[in-house]
Amino acid sequence: MQSINPEAFEIRADGSCVLVGGYSASSDKYHFPVQDCCPYTGATDIERVELSTCGTLWAHTAVTAAPPGYAGPVPYGFGVVELTQERLRVITLLRESDPLALRFGQHMRLATFDAGARVLTWCFESDRSE
Amino acid sequence: MTNVAITGVGMHAFGRFETKSVTQMGVEAVRAALAEAADPRIDAVFCGTAYAGVAAGHKVMSAVARTGMPIVDVEAGCASGAAALSLAAGSIRAGQYKTVLVFGIEKMPKGIIRSTFFEPWREQAGLAATPAYFALRAQRLMRERGITKQDLAEVVVKNRANGVLNPNAMFQKRVTADEVLASHVVCEPLHLWMLCSPNEGAAAVVLQAARRARSGIIELSAAVLRSHLPGSVLGEATPMSGIDDSDITPPTTLAVHDAYERAGIGPNDISVVECQDTDAARELLAWEELGLCVPGEQGAFLASRAHHLGGSQPVNASGGLLAKGEPLGASALGQVIELVHQLRGTAGARQVEHARVGLAHTVGRGANASVCLVHSH
């Protein structure tokens, strides 16, 4: 199974995975997915960075009907995780599809998610090492 | 500077019309608006639409046998109609045209709207779930402003009750808060009835240059369109990531500040408001973005009924999108037409007494946000 978008989401041979973002030193800002200029300042000193795989839950819900083009399981969790190191808020699927089983601020870690159609996308799941 | 007067309005009801084409709906709205304006010579046409396809405005104008002038089709998501209005008003103020026809048309697919905005991989990853973004924004608003699910339900109750008084609304039945909360959860915390329905319809207005304000005239005193500043992860720009946005001004606020400045007024001068209630929480967010209440006071404002019909500043007297549905290209102009009726005193059972200044607001993907101000003299 391959990554849904290798530019944004890298799956390594050992099965571990990472989100790939961008960092501009002159604007001191991170962004995701990586683009060729800083979305905040237009600066072009973009360094490709592997983003932290841990974060805290900032917003969460569940999608109860398959949206256009999606062939994975339904319902699925959907939310925003704020990455620990970069403080970047990333849109993500969530492993937990019951919104009432999650709480604000809980620790989350990056994982792969089977989106159907033989592709893997990313999700965040509860970090049990918390 | 030249003022802009609204001299004719026409609407095709918002709803579902299986046997009608988007062009036919546009023709009905355009004919009605032209008739009200005493069939003037039209110097230019601006047509707002997101889904009607290539040369959609031209097809309507061909069908009414009025061509030869420039016809410009405008897409700006939920603000498409307002973007068309803004271009038209600007061209009149600049002295380029004297009389401009503006209309919006739409025939939306049912269910979750498929949008070319999302790249195929984002669709495949399950990230094109539009109501889920609304739900996350609603959840943050509830958390940050102390808003409850009951409050969200009360917004629906208000707008659906107003819609019963509007023959052009799609939903013509009152609902109770309990019924709203009993409708199924689409994306927690949003239940089905808290979300507006994409639908079909058309709206048209005729704008004409007016040397100065004179008694009886309805003036379009501002028609402002703004886009977003980057950073808000749950803003209508719908990015994949964002940062702490507590100091980032949202596009609606950018637009309303421009509009208030242009018209020389503030939020307290507004008699009646039509705002973007894509979902119930979006209306409550709009209240603070437009300066109608202090952030966090939404619950108190709901309890005071200030924004209900009969209150000090009714919001969505037309029923809003929650009762009318949302035909993207037409919805902003539908709001302006509602305001024109309120200012003329022809809004029937939903008439707001002594309405003199109206505000219409849309915000949607892009991001695009618009604020239009309408004055009666």
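Residues numbered from 1 in each chain as written. Chains lettered and ligands numbered in written order. Predicted model: local features only at pLDDT ≥ 70, side-chain atom pairs only at ≥ 80, totals over all residues. Heavy atoms only, no water.

Colleague: What is the right way to look at the overall build of chain B in this model?
Modeller: The helix and strand inventory of chain B stands at 12 helices and 12 strands. A compact globule built from 377 residues would reach a C-alpha radius of gyration of about 21 Å, and chain B, at 19 Å, matches this within 12%. Across the 377 residues in chain B, those meeting the buried criterion constitute 62%. Within chain B, contacts between residues separated by at least 24 positions form 77% of all contacts whose residues are at least 6 apart in sequence. Within the structure as shown, chain B displays about 13,500 Å² of accessible surface, and the carbon and sulfur contribution to it stands at 52%. Within chain B, one finds 33 positive and 35 negative side-chain charges whose respective centroids are separated by 6 Å. (Helix = DSSP H or I, 4+ residues; strand = E, 2+ residues; numbered from the N terminus. Rg over C-alpha atoms; globule rule 2.2 N^0.38 Å. Buried < 20%, exposed > 50% of the residue type's maximum accessible area, 1.4 Å probe, protein only. Contact = heavy atoms within 4.5 Å. Areas by Shrake-Rupley, 256 points an atom, 1.4 Å probe, with all protein chains shown as cover. Lys, Arg positive; Asp, Glu negative; His and termini not counted. Charge placed at Lys NZ, Arg CZ, Asp CG, Glu CD.)

Colleague: Sorry if this is basic, but what is going on with the packing of helix α5 (residues 130–145) of chain B against helix α9 (residues 280–289) of chain B here?
Modeller: When two helices pack together, their arrangement is given by the angle between the helix axes and the distance between those axes. Residues and elements named next belong to chain B. Running from N to C, α5 and α9 point in directions that differ by 50°, and their axes come no closer than 9 Å. Judged by the inter-axis angle, α5 sits oblique to α9. Pair α5 / α9 crosses with left-handed handedness. Across the interface between the two elements, R137, A138, L141 and R145 from α5 touch A281, R282, L284, L285 and E288 from α9. Along the lines of polarity and charge, the residues of the contact of α5 with α9 split into 5 nonpolar, no polar and 4 charged. (Axes fitted to C-alpha atoms, helices over the stretch in contact; angles between N-to-C directions. Parallel < 35°, antiparallel > 145°, perpendicular 65-115°, else oblique. Left-handed = near helix turned anticlockwise from the far one by under 90°. Nonpolar A, V, L, I, M, F, W, Y, C, P; charged D, E, K, R; others polar.)

Colleague: Could you clarify how one ought to interpret the pairing of strand β12 (residues 368–376) of chain B in this entry?
Modeller: Residue and element names in this part refer to chain B. Burial within β12 is extensive, with 9 of its 9 residues counted as buried. Going residue by residue along β12, you find N368, S370, C372, V374 and S376 tucked away on one face and A369, V371, L373 and H375 tucked away on the opposite face as well. In the sheet, strand β8 (residues 218–227) pairs with β12 via 9 bridges, with the strands oriented antiparallel. Bridging from a neighbouring strand, V224 pairs with V371 of β12. The pairing of strand β11 (residues 357–364) with β12 spans 8 bridges and is classified as antiparallel. The partner of G358 across the bridge, within β12, is V374. (Pairing = 2+ DSSP bridges.)

Colleague: Would you mind going over the side chain of B:T49 with me for this structure?
Modeller: Residue and element names in this part refer to chain B. For T49, the position within the fold is in the loop between β2 (44–48) and α2 (56–63). For T49, a relative accessible area of 6% gives the class buried. Among the polar contacts made by the side chain of T49, one reaches the side chain of E106 at a distance of 2.9 Å. Once you skip the residues sitting within four places of it in the chain, T49 turns out to touch A56, V74, E75, S80, I105, E106 and G329. (Polar contact = N/O pair within 3.5 Å; in protein donor to acceptor, adjacent residues only side chain to side chain.)

Colleague: Which parts of the structure should I look at to understand the packing of aromatic side chains?
Modeller: Aromatic ring pairs are reported here in terms of the distance separating the ring centres and the angle at which the planes meet. Tallying each qualifying case throughout the model produces 8 aromatic pairs over all chains. For the ring pair A:Y70 and A:Y76, a centre distance of 4.5 Å and an interplane angle of 45° mean the geometry is tilted. Per residue, the accessibility class of A:Y70 equals that of A:Y76, and both read buried. Taken together through their ring pairs, the aromatic side chains of A:F9, A:F32, A:W122 and B:W121 make up a single cluster. For the cation-ring pair, B:R160 lies above B:W193, with the distance from its terminal atom to the ring centre recorded as 5.6 Å. (Phe/Tyr/Trp six-rings, centres within 6.5 Å; stacked < 30°, edge-to-face > 60°. Lys NZ or Arg CZ within 6 Å of the ring centre and 35° of its normal.)

Colleague: What's the story with helix α3 (residues 80–93) of chain B in this structure? I'm lost.
Modeller: An α-helical segment advances 3.6 residues per turn. Residues three or four places apart therefore align on the same side. Its 14 residues place the ends of α3(B) 20 Å apart at the C-alpha level, agreeing with the 20 Å of an ideal helix rising 1.5 Å per residue. Remark: B:G95 follows α3(B) within two positions and exhibits a positive phi of approximately 85°. (Expected span 1.5 Å × (residues − 1).)

Colleague: For this particular structure, what's the right way to read the interface of chain B and chain A?
Modeller: Interfaces are often sized by the amount of accessible area the parts lose when they come together. Every contact between the two is made by 34 residues of chain B and, on the other side, 38 residues of chain A. One can count 1 salt bridge joining chain B with chain A. At the boundary of chain B and chain A, one finds 9 residue pairs in polar contact (both at pLDDT 80 or more). For the side of chain B that touches chain A, the secondary structure elements donating two or more residues are α4 (120–124), α5, β5 (185–187) and β9 (241–242) of chain B. The residue inventory of the side of chain B that touches chain A, partitioned by class, reads 20 nonpolar, 6 polar and 8 charged. Note: strand β8 (residues 89–94) of chain A against β9(B), 2 bridges, orientation antiparallel. Of the residues in β9(B), the one forming a bridge with A:V90 is B:S241. (Salt bridge = Lys/Arg side-chain N within 4 Å of Asp/Glu carboxyl O.)

Colleague: How should unusual backbone geometry be read in this particular structure?
Modeller: Glycine aside, residues mostly have negative phi angles, and peptide bonds mostly take the trans form. In this structure, the amide linkage connecting A:F32 to the following residue, A:P33, adopts the cis form with an omega of -10°. For A:P33, the location among the structural elements is in the loop between β4 (29–31) and β5 (46–50). For the peptide bond that leads from B:E188 to B:P189, omega is 5°, which places it in the cis range. Assignment of secondary structure puts B:P189 in the loop between β5 and β6 (190–191). For B:D39, which is not glycine, the phi dihedral falls at a positive 50°. Within the secondary structure layout, B:D39 lies in the loop between α1 (22–36) and β2. Not every positive phi belongs to a glycine, and B:H354 is a case in point at roughly 55°.

Colleague: So what exactly am I meant to see when it comes to the state of the cysteines here?
Modeller: Covalent bonding between the sulfur atoms of two cysteines is what defines a disulfide. Going through the model one piece at a time under the given rule, you end up with 0 disulfides over all chains. A:C38 carries a free sulfur, and the closest cysteine sulfur to it, the one in A:C37, is 7.2 Å from it. Among the cysteines around B:C275, which has no disulfide bond, B:C293 carries the closest sulfur, lying 11 Å off. The exposure class of B:C275 is buried, given its relative accessible area of 0%. (Disulfide = S-S within 2.5 Å.)

Colleague: Sorry, what's going on with the packing of helix α6 (residues 149–163) of chain B against α9(B) here?
Modeller: All names here are of chain B. The geometry of α6 relative to α9 is characterised by a closest axis approach of 8 Å and an angle of 90° between their N-to-C directions. The orientation of α6 with respect to α9, classified from their angle, is roughly perpendicular. Contact with α6, carried on its side by L152, V155, V156, K158 and N159, involves A280, A281, E283, L284 and W287 of α9 and no other residues of that element. The residue makeup of the contact of α6 with α9, split by class, is 7 nonpolar, 1 polar and 2 charged.

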